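Take a look at the letters that make up each chain.
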Amino acid sequence: MDMPEGPYVLLYHDCSEVVYVPGSERPFKLSEYKKEVGKPYARITFFICLEKHYKRVDDTSDSDSEIVITTRSTAKFNQADTLRKLVPVVPAVAVEGFHASASVPKKNTTNNADCIVGSDEELDFCDQDSVASSVDSSAEDMFIDDMDPILDRRPSSDLYLPEEDYDSKDALQHRKRLCLSSAEGGDRKSENGFYWTETEKWQSSDEADVEPPLLVFTPNQNPGPQILPNRCSSALQFFQLLFPKSMFQTIAGYTNSYAAKYEERKGKLWNFISQSDMKSYVALVIYMGMFRCSSLSDYWSESQHFSLSFPAKIMSYRKFLSISIVLHLSESREDEKNILKKGTAGYERLGKIQPLYQVIRESCKSYFHPFQNITIVERMVKPQAGTGLKQSLKSRSPNMGFKLFALTDCTCGYTWDFFVYEGKSCASRSEGLSYETVMALVDENMLGSGYKLFVDKFYTSPTLFTDLLDKKVLACGPVWPNRTGYPKSVKNKLLSNAPRGTMRWIRQDKLLFVEWKDSREVQMCSSFHKAYEGDTVQRKVRQDAHRTLEEIPVPAVVLDYSKNMEAVDSSDCVTEHFRAIHKPKKWYQCMFYHFLDIAVENAFIMQELVTKENGHADSAAGRKCFLQSCVT
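Residues numbered from 1 in each chain as written. Predicted model: local features only at pLDDT ≥ 70, side-chain atom pairs only at ≥ 80, totals over all residues. Heavy atoms only, no water.

S.K.: Account for the overall build of the protein chain, naming residues and giving values.
M.R.: For the protein chain, the helix and strand inventory stands at 19 helices and 23 strands. Residues counted as buried form 48% of the 632 residues belonging to the protein chain. If you take every contact in the protein chain between residues at least 6 apart in sequence, the share linking residues at least 24 apart comes to 65%. (Helix = DSSP H or I, 4+ residues; strand = E, 2+ residues; numbered from the N terminus. Buried < 20%, exposed > 50% of the residue type's maximum accessible area, 1.4 Å probe, protein only. Contact = heavy atoms within 4.5 Å.)

In structure tokens, the structure reads:
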């Protein structure tokens, strides 16, 4: 954009000048401000304006022209209005995604503020080839917020117009049409084909609901481990079902091929590693997940009192470090051919992990069949290197990483299938990423019928749940109230000041929508629950300046959802075992450690289930003993 010559002043959202870190007298530094607000760089917003305009704010009159603040998202209209009222004459420009850039920035030394402001080109750091960048559009901003750009709605332009157009003739006619349509009532059709009636009424908990018909659970295989009873007896054998011996030899070959070229460029020779070396390397990685040290070299410490003897017996520190640097999962010649296809439809973004990626996926599905209750979870693999596959999972961490979608068993936490999200250009635009993700992972031909799927807000939609019913799969989960297909009726709707335990429900065709007041409002959607079955939960309720435990009504769908997601949450925590010490510089090495996480966790779950099936529940060793058996 064309900007007048400076100097400029950097401003916070409240239009105060950026000099100190908020709430302190420390000079402003972007890294400290990031820690203070708890947001990633890509989500931090500042404003800039000319210094001469900022200093003469108090001398301005009402005749000054109105300021226009440029943003890339209509969701920032409220922010723009606030800035107009506070500083009515400052020609400001919103700078979204402010962060450090690889190019040389311009320094702003106004009032000795220790801050850096880059040019337009520097601020727009998104790589053009990085189709999965999380800050390159408002659609990706919604994705980071666990919202689907196609199924969810920001404040609609049909209802909220820009301030400068609000009093125009067209705007007045538009508002008049809205009032008339609201007064007329009747049936209206949403974009996804669902009909809703404005005269429909939300029902309370004392009004009876019909029991929805349930599907008979008929899995294609007996749920649980799919292995011969005498085939696996040790922890290592269970692990090798999912991470086969042949894969060690394959990875060793790929690593030798890549390392030879890598060392040749430095004028050195590579000492080729064997299948046995690769097994020792993986054993040490698992060992380091059990015993945490502050640095990698501490595992080979020669201190008399603080040394660990095991790593030095298996492999030298120098050899372990060398393998870590050159670890490779694909054929170097195939990588070179793939790079030549970059920018074309034939380019394979996951080419460098494809061999191991496919082996782990197929193994996980082959040796286990899920029980009736399943769910889909998102996982984040945090890399050190830069790549076009990075995404942000806002609820988990402000760091960027690779997002994976996984279908997991709610009973035991087993990861049955998963895939790596390759970016928005690789996803279908017709139904939305959330819809396409569920349909890709829930394969009724392999699973069977009568399964119950529990999903979070990102996935839940009436369209998805209806189509899953056609595949004979039941589903439930929390839902965004602004999602397409959610009931629009306001008659007897749950009030914001309703007491805890208050419930409202409405049934549309085969779907149930429930609103329940806990510490905040909860909206749920289900295709197999009854609205209220007399269940209660204990909650602390304030009475006369004291909190007492009381039994309050709770919808069956809320109880069922909470119960089934507990096992998945605990399983999800252990899939970051082996990356605490290892901080690889290459993205495919990050994926290697995550695949190892999945293989180890799934192998442990299978051993526990087989042990119980054989009537030896008391002899279940636990995770620590399982890992020790894998290493030794």
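S.K.: How would you summarise the packing of aromatic side chains if you had to cite specific residues and measurements?
M.R.: Scanning all chains against the criterion turns up 27 aromatic pairs. Where Phe458 meets Tyr459, the ring centres are 5.1 Å apart and the plane angle is 75°; that geometry is what we call edge-to-face. Just as Phe458 is buried, Tyr459 falls in that class too. Judged by centre distance (5.4 Å) and plane angle (70°), the rings of Phe592 and Tyr593 are edge-to-face. The two residues Phe592 and Tyr593 agree in class, both being buried. Through pairs of rings, three or more aromatic residues link up here, namely Phe239, Phe243, Phe248, Phe592 and Tyr593. The positively charged end of Lys457 is found above the aromatic ring belonging to Trp480, 4.4 Å away from the centroid. (Phe/Tyr/Trp six-rings, centres within 6.5 Å; stacked < 30°, edge-to-face > 60°. Lys NZ or Arg CZ within 6 Å of the ring centre and 35° of its normal.)

S.K.: I'd like to hear about the packing of helix α9 (residues 275-290) against helix α18 (residues 587-613), residue by residue, with values.
M.R.: At their nearest, the axes of α9 and α18 sit 12 Å apart, and the two run at 75° to each other. Classified by the angle their axes make, α9 and α18 are roughly perpendicular. Residues Met278, Tyr281, Val282, Val285 and Ile286 of α9 lie in contact with α18, whose contacting residues are Phe592, Tyr593, Leu596 and Val600. Here the contact of α9 with α18 is built from residues that sort into nine nonpolar, no polar and no charged. (Axes fitted to C-alpha atoms, helices over the stretch in contact; angles between N-to-C directions. Parallel < 35°, antiparallel > 145°, perpendicular 65-115°, else oblique. Nonpolar A, V, L, I, M, F, W, Y, C, P; charged D, E, K, R; others polar.)

S.K.: So what about the side chain of Thr460? Which residues, and what values?
M.R.: Its place among the elements puts Thr460 in the loop between β17 (451-454) and α16 (462-470). We classify Thr460 as buried; its relative accessible area is 0%. Looking at Thr460, its side chain comes within polar contact range of the main-chain oxygen of Asp456, at 3.0 Å. Looking at Thr460, its side chain comes within polar contact range of the main-chain oxygen of Pro478, at 2.8 Å. (Polar contact = N/O pair within 3.5 Å; in protein donor to acceptor, adjacent residues only side chain to side chain.)

S.K.: So, the pattern of salt bridges: which residues are in play, and what are the values?
M.R.: With the rule as written, the count across this model stands at 14 salt bridges. Residue Asp417 pairs with Lys365 through a salt bridge whose shortest N-O separation is 3.9 Å. With Asp417 in strand β15 (residues 415-420) and Lys365 in helix α13 (residues 354-366), the pair connects residues that are 52 residues apart, well separated along the chain. Where Glu444 meets Lys471, a salt bridge forms, and the shortest distance between an N and an O atom there is 3.1 Å. (Salt bridge = Lys/Arg side-chain N within 4 Å of Asp/Glu carboxyl O.)

S.K.: With reference to specific residues and values, describe the environment of Leu627.
M.R.: In this fold, Leu627 is placed in helix α19 (residues 623-631). You can call Leu627 buried: its relative accessible area is 5%. Residues Leu627 and Glu601 lie 26 residues apart in sequence; the distance between their C-alpha atoms is 9.7 Å.

S.K.: Give me the pairing of β17: which residues, what numbers.
M.R.: It is a general feature of regular strands that their side chains alternate between the two faces of the sheet. Here β17 shows no split at all, with Tyr451 and Leu453 on one side and Lys452 and Phe454 on the other all buried. Direction of pairing for β17 relative to strand β18 (residues 473-478): parallel, over a ladder of four bridges. Looking at β18, one finds that Lys452 is bridged to Leu474. Tracing the backbone out of β17, into α16 and back to the parallel element β18 gives a crossover that is right-handed. (Pairing = 2+ DSSP bridges. Right-handed = clockwise from strand over helix to strand, strands pointing away.)

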